[in-house]
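Take a look at the letters that make up each chain.
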Amino acid sequence: MILEVGNLDGLATFLFLVMFGPAILFIIIGAILFYYKKKKAGKVFMILAGVYCLISLGICGAMLS
């Protein structure tokens, strides 16, 4: 019995969205907080964005290769 999968173009798009979506959202939130004089909270969100991007590139990048 042969299992035919079909078109998986949406899967790659979904993985890229999972990789960079939350990181971009965290950077936007951090920039807004940094602009409104909440520098410590802004820095925390920007660090979270960097850590999320680093981890997601490792995990999702391994899935894509």
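Described in the following lines is the structure provided in the data block. (Residues numbered from 1 in each chain as written. Predicted model: local features only at pLDDT ≥ 70, side-chain atom pairs only at ≥ 80, totals over all residues. Heavy atoms only, no water.)

**Describing the packing of aromatic side chains**
Then, in step 1: Going through the model one piece at a time under the given rule, you end up with 2 aromatic pairs.
Then, in step 2: Ring centres of Tyr35 and Tyr36 lie 5.3 Å apart, and the angle between their planes is 70°; on these two criteria the pair is classed as edge-to-face.
Then, in step 3: Assessed through its relative accessible area of 62%, Tyr35 is described here as exposed.
Then, in step 4: Sitting above the plane of the Phe34 ring, Lys39 keeps its charged end 4.4 Å from the centroid. (Phe/Tyr/Trp six-rings, centres within 6.5 Å; stacked < 30°, edge-to-face > 60°. Buried < 20%, exposed > 50% of the residue type's maximum accessible area, 1.4 Å probe, protein only. Lys NZ or Arg CZ within 6 Å of the ring centre and 35° of its normal.)

**Topic: the environment of Phe26**
Then, in step 1: Here Phe26 lies in helix α1 (residues 9-35).
Then, in step 2: The partly exposed category is assigned to Phe26, whose relative accessible area is 24%.
Then, in step 3: Setting aside residues no more than four positions away along its own chain, Phe26 makes contact with Phe45, Leu48 and Ala49. (Helix = DSSP H or I, 4+ residues; strand = E, 2+ residues; numbered from the N terminus. Contact = heavy atoms within 4.5 Å.)

**Points about the side chain of Ser56**
Then, in step 1: Along the polypeptide, Ser56 turns up in helix α2 (residues 39-64).
Then, in step 2: Polar side-chain contacts of Ser56 include one of 3.0 Å to the backbone oxygen of Met19. (Polar contact = N/O pair within 3.5 Å; in protein donor to acceptor, adjacent residues only side chain to side chain.)

**What about α1?**
Then, in step 1: Taking 1.5 Å per residue, 27 residues should reach 39 Å; α1 reaches 38 Å between its end C-alpha atoms and fits that length.
Then, in step 2: Maximum bend of α1: about 30°, positioned at Phe20, with proline Pro22 one to four residues after it.
Then, in step 3: Just downstream of α1 lies Lys37, where phi reads positive at about 65°. (Expected span 1.5 Å × (residues − 1). Bend = angle between axes of the 7 residues up to and from the residue.)

The analysis is restricted to geometry; functional conclusions fall outside its scope.
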